Amino acid sequence: MDGIRLGFAGRSTTWSLIRKLVFPEHVALRYVGNETDCLGLDLVIVEGYMADLVRCSRVLVLNDPSIDGIIEAIITGLGLSELNMGIDVGNSRCGVIMLANETPIIHVTLSLIRLIRIVRKLARRTTINLIIGTSPGVSNLVRDFVKSLDDVNVRVRVINEDEAYGKKDLFRMRYPYLTVDELDGLVYAYTGLAVNAHG
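From a predicted model like this one, the values you see are computed outputs, not experimental measurements.

Q: A description of the environment of Arg125 should follow, citing residues and the corresponding values.
A: Its place among the elements puts Arg125 in the loop between helix 3 (112–123) and strand 8 (127–134). We classify Arg125 as partly exposed; its relative accessible area is 46%. Measuring from C-alpha to C-alpha, the distance between Arg125 and Gly95 comes to 22 Å, with 30 residues separating the pair along the chain. Beyond its immediate chain neighbours, meaning those up to four positions away, Arg125 contacts Glu72, Thr76 and Leu80.

Q: Talk me through the state of the cysteines; I want residue IDs and the actual numbers.
A: Counted under the stated rule, the structure contains 1 disulfide. In this model Cys38 forms its disulfide with Cys56; the gap between the sulfur atoms is 1.8 Å. One quick way to see it: the torsion about the S-S bond of Cys38 and Cys56 is about -55°, and its sign makes the bridge left-handed. Residue Cys38 is located in the loop between strand 2 (27–31) and strand 3 (43–47), and its partner Cys56 is located in the loop between strand 3 and strand 4 (59–62); the two are separated by 18 residues in the primary sequence. Both residues of the pair, Cys38 and Cys56, belong to the buried class.

Q: Before we move on, could you go through the pattern of salt bridges and cite the residues and values that matter?
A: One pass over the structure, following the stated rule, counts 11 salt bridges. The shortest N-O distance in the salt bridge between Arg93 and Asp181 comes to 2.9 Å. Residue Arg93 is found in the loop between strand 5 (82–88) and strand 6 (94–100), and its partner Asp181 is found in helix 7 (residues 180–198); the two are separated by 88 residues along the sequence. Looking at Arg93, the relative accessible area reads 48%, which means it is partly exposed. Overall, the relative accessible area of 13% leaves Asp181 in the buried class. Via salt bridges that share partners, Asp68, Arg114 and Arg117 belong to a single interconnected network.

Q: Go over the packing of helix 2 (residues 67–78) against helix 3, please, and point to the residues and values.
A: Each packed pair of helices is defined by two parameters, the angle between the axes and the distance between the axes. It is at 11 Å that the axes of helix 2 and helix 3 come closest, and there the two elements cross at 25°. In terms of orientation, helix 2 and helix 3 fall into the roughly parallel class. Between helix 2 and helix 3 lies a crossing whose hand is right-handed. Of the residues in helix 3, those touching helix 2 at Ile67, Asp68, Ile71, Glu72 and Ile75 are Arg114, Arg117, Ile118, Lys121 and Leu122. Class assignment for the residues of the contact of helix 2 with helix 3 results in 5 nonpolar, no polar and 5 charged.

Calculation rules
- Residues numbered from 1 in each chain as written.
- Predicted model: local features only at pLDDT ≥ 70, side-chain atom pairs only at ≥ 80, totals over all residues.
- Heavy atoms only, no water.
- Helix = DSSP H or I, 4+ residues; strand = E, 2+ residues; numbered from the N terminus.
- Buried < 20%, exposed > 50% of the residue type's maximum accessible area, 1.4 Å probe, protein only.
- Contact = heavy atoms within 4.5 Å.
- Disulfide = S-S within 2.5 Å.
- Salt bridge = Lys/Arg side-chain N within 4 Å of Asp/Glu carboxyl O.
- Axes fitted to C-alpha atoms, helices over the stretch in contact; angles between N-to-C directions.
- Parallel < 35°, antiparallel > 145°, perpendicular 65-115°, else oblique.
- Left-handed = near helix turned anticlockwise from the far one by under 90°.
- Nonpolar A, V, L, I, M, F, W, Y, C, P; charged D, E, K, R; others polar.

In structure tokens form, the structure reads like this:
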């Protein structure tokens, strides 16, 4: 997958949230105002109050316009059979990158509780590969995080922070808008995917 074409119809506040969550290099966004705007889109997300007005072929009604709800709608709506997630686990903030195959589509910073909740929801619909960075400072946290998902269908690969260390600058130049935590999550994801490709 080299990119996703995503449409939206609804409130400007929700539109702004979606724009903050997606990678603009890999997810082309279009506001849908009429039927011709639907052409060529992979998915159109529509807020509930406008559901009757939008006549596109692949529509998903967004009933929960929160960050969690938007993420769930995008992943569910795209019908991904597999989702790769690069995660930088932290006490207060976790940097999370979601990739369709090797294409990063969503970046977000979540609390650990919210991260666990969203992984649980998404795992009901798709196979999730978690690629988690670890270091001595967060190893207990990583272990607790993985343990909290024992009953969920996820595959886990743990990447030592040192393996990913030298790659940050390259990704920082390409994606300057990522937070430090999100950047770490992206580096872990690509490090883990590279290991899979060669292993």
